[in-house]
Structures are given as structure tokens and as C-alpha cells.
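Here is how the chains run, residue by residue.
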Amino acid sequence: MAGGGEAAAEGKAAEGGEEEEEDDFGYRLFPDRNKKPQSFLVRSLFTFHNRCQLMLRMTLDTNPYAQLLLEAMKQSGCTVFNDRHFSCENCDGCVSGGFDSATSQIVLCQNNIRHQSHMNRVVTHELIHAFDHCRAHVDWFNNVKHLACSEIRAANLSGDCTLMNEIARFKFGLKGHHQACVRDRAIRSILAVRKVSKEMAEKAVDEVFDACFNDLEPFGRIPHSKTDAKRAYRDFQNRDRYNANL
């Protein structure tokens, strides 16, 4: 998988000879990826799946973070379709979602996403990966720095590290806390989906941190709240109108 989910747990680092093991790129965390899809009737009757679909629709229709990203991807030539590009599936307990670059699909972990605000963050986090996949030549599977950059951007711009979310995790501070949160969550996401040592993940994140932390596209700012995201979405729409009039 290109990226781990918003709630990725601490990944297990490979040590010694374990680094030579074949990397499954995190697909072990998404077992339904290799299963035959269930019928529409069965999926409709499955409570987790139905709830996941309803929350996804609410996010896409009302969340300004997601709406801005969807519009930006459309303008970049990568229109997102609900039925094609999102998939509600059962996952390992340590992840909430992932972006599968091989199929250009966002996986939403229906057994781990239990409330709307969580769905909003996961969809936004994974849409940032999808946006990066659309606009850049990201080597997800062979270049850990590329993965690190997208994970930094996703943690920085999705609302993962807002003050309220960090307080809920019993992690909060003052000066530089947002940057520390972004760095920590990027490292954890890499460890969840790649068989690399913690030292390697930290090195990759640190080497690209400044450039990727300051890459604020398509928001143009760090949206610390839904109000910030609404302003960013409005500015994005106005920017498009301005360019159209030039």
C-alpha cells in the first residue's frame, strides 16, 4: 500500500537479517484486497459496510477538506468516483485506511472507523496520498523518501495533528508540537506499511521534512480546523476563477 491510515499503530521495525525479508508493502494489513468481492446484497446487509458507505457519502458531500481535494484532483485530470476509487473493507486492527496505488483505490477500514469525524480524517489523509499520486511521479514501492514526503503532507494537512486530536491522544505541548506530531505520525505510518528499521524511517522523514512540510498544495495553508479548510476551499475556487479570467 502507498500509505498507512490516519490511525496507524506503531509499526514493527525490521532488525538485523529481517530487513532482507520480502516486503509486502503493507498489504498484510488489508486482507480483503485479495478476496473476491461480495455481492451487493451481502454488502448492503453487512452493518459495518453499510455504515462505512453512509459515513463516506457524508464526508464527500459536506467535508471541506475532502471537497477541496476532490476539486483539485479533478482539475489535475484525476476525477474521483465514489464507486471506483473508494472501497470499504475489513483491515488489521492497527490501521484505519490506506491508498493502494496499484489500483488507485482508497481503502477505508470499515471495522475500525466508528464515527464520522474519524471517517473525515481518514478520507482526507488518503486523498492527500491520491493527490500526490496524481500530480507527481511518486515511487511508492522503491523510494522510501517519496513515501515519507507524502506521509508528512498527509499528517500535516489532514487535521491529524490538530490540538484537539492530540489532546484526545493525551499528547500535547506548546512550541513546535505540530511539527513533532507530523514527524511522529509520518514515521509510524511508514513503519506500519514497510519492513524497514525505525532508524531508516526516521532518516527518510528527517531528510525531506522541511520541503514536504512546507508543500501545502492544494490547500495553500495548514488547515488547523474545519473553518480553515472552508477558507482554503473558497480561496481555491476563487483562484481557479481568477486564472480563468486571465
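Details of the structure are given in the entry above.
Residues numbered from 1 in each chain as written. Predicted model: local features only at pLDDT ≥ 70, side-chain atom pairs only at ≥ 80, totals over all residues. Heavy atoms only, no water.

Student: Hey, could you run me through the state of the cysteines in this one?
Tutor: Should the sulfur atoms of two cysteines be covalently bonded, the bond is a disulfide. Tallied over the full model, the rule gives 5 disulfides. Note that Cys78 is cross-linked by a disulfide to Cys134, the S-S spacing being 2.1 Å. Its S-S torsion of approximately 90 degrees makes the covalent link between Cys78 and Cys134 right-handed. One end of the pair, Cys78, is in the loop between α3 (64–75) and α4 (82–85); the other, Cys134, is in helix α5 (residues 116–135), with 56 residues separating them in the sequence. Across the disulfide, Cys91 is cross-linked to Cys109 (sulfur-sulfur distance 2.2 Å). Looking down the S-S bond of the Cys91 and Cys109 bridge, the torsion is -90 degrees, so its handedness is left-handed. With Cys91 in the loop between β1 (86–89) and β2 (97–100) and Cys109 in strand β3 (residues 105–109), the pair connects residues that are 18 residues apart, well separated along the chain. With relative accessibility at 8%, the residue Cys91 sits in the buried group. Each bonded cysteine of the chain is numbered by sequence order, and under that numbering the disulfide pairs are 1-3, 2-6, 4-5, 7-10, 8-9. (Disulfide = S-S within 2.5 Å. Helix = DSSP H or I, 4+ residues; strand = E, 2+ residues; numbered from the N terminus. Buried < 20%, exposed > 50% of the residue type's maximum accessible area, 1.4 Å probe, protein only.)

Student: Quick question: what am I supposed to make of empty space enclosed by the protein here?
Tutor: The full count for this structure, using the stated rule, is 2 cavities of 30 Å³ or more. Space inside the second largest cavity adds up to approximately 30 Å³. Surrounding the second largest cavity, Ala155, Asn156, Gly159, Asp160, Cys161, Thr162, His178, Ile222, Pro223 and His224 form its lining. Residue classes in the lining of the second largest cavity are distributed as 4 nonpolar, 5 polar and 1 charged. (1 Å grid on protein atoms, 1.4 Å probe; cavity = no way out; pocket = protein on both sides within 12 Å on 5 of 7 lines; lining within 4 Å. Points joined across faces, edges and corners; volume = space filled by probe spheres on them. Nonpolar A, V, L, I, M, F, W, Y, C, P; charged D, E, K, R; others polar.)

Student: I would appreciate a short explanation of the sheet that holds β2 in the present structure.
Tutor: To summarise the sheet geometry, strands pair through backbone hydrogen bonds and adopt either a parallel or an antiparallel arrangement. Taken in spatial order, the 3 strands line up as β1-β3-β2 in an open sheet, and their pairing is mixed. Lying at the two open borders of the sheet, with one neighbouring strand each, are β1 and β2. On average, each strand axis in the sheet is inclined to that of its neighbour by 20 degrees, with strand direction left out of account. Pairing of β2 with β3 involves 4 bridges; the strand directions are antiparallel. Across the sheet, the residue bridging to Phe99 is Ile106, located in β3. (Pairing = 2+ DSSP bridges. Axes fitted to C-alpha atoms, helices over the stretch in contact; angles between N-to-C directions.)

Student: Looking at this structure, I do not really get the pattern of salt bridges. What am I missing?
Tutor: When the charged atoms of two side chains with opposite charge come close together, those side chains can pair. Considering all chains together, one arrives at 11 salt bridges under this definition. Among the ionic pairs, Arg153 bridges to Asp215, the shortest N-O distance being 3.5 Å. On the criterion of sequence distance, the pair formed by Arg153 in helix α6 (residues 144–157) and Asp215 in the loop between α9 (198–213) and α10 (226–245) is long-range, its members being 62 residues apart. Per residue, the accessibility class of Arg153 equals that of Asp215, and both read buried. A salt bridge links Asp184 to Arg188; its shortest N-O distance comes to 3.9 Å. Of the two residues, Asp184 and Arg188 both sit in helix α8 (residues 177–193), 4 residues apart, roughly one turn of that helix. Asp184 sits in the partly exposed class, given a relative accessible area of 30%. A residue is classified by how much of its surface remains accessible, and Arg188, at 16% relative accessible area, is buried. One network of salt bridges, in which partners are shared, links Asp132, Arg135, Arg153 and Asp215. (Salt bridge = Lys/Arg side-chain N within 4 Å of Asp/Glu carboxyl O.)

Student: I'm lost on the packing of α6 against α8 in this one. Help?
Tutor: How two helices sit against one another is set out by the angle between their axes and by the gap between those axes. Following both chains from N to C, one finds α6 and α8 inclined at 130 degrees, their axes separated by 8 Å at the closest point. If you check the angle between α6 and α8, you find them oblique. The two elements α6 and α8 cross, and the hand of that crossing is right-handed. Between α6 and α8, the contacting residues are Val144, Leu147, Ala148, Glu151, Ile152, Ala155 and Asn156 on the first element and His178, Val182, Arg185, Ala186, Ser189, Ile190 and Val193 on the second. Residues of the contact of α6 with α8, tallied by class, amount to 9 nonpolar, 3 polar and 2 charged. (Parallel < 35°, antiparallel > 145°, perpendicular 65-115°, else oblique. Left-handed = near helix turned anticlockwise from the far one by under 90°. Contact = heavy atoms within 4.5 Å.)

Student: It is not clear to me how the environment of Pro31 should be interpreted in this structure. Could you clarify?
Tutor: By the secondary structure assignment, Pro31 is in the segment before α1 (40–45). Look at Pro31 and you get partly exposed, because its relative accessible area is 37%. In this view, Pro31 contacts Asn90, Cys91 and Asp92; residues no more than four positions away in its chain are not counted.

Fair warning: the whole summary comes from geometry, so function is off the table for now.
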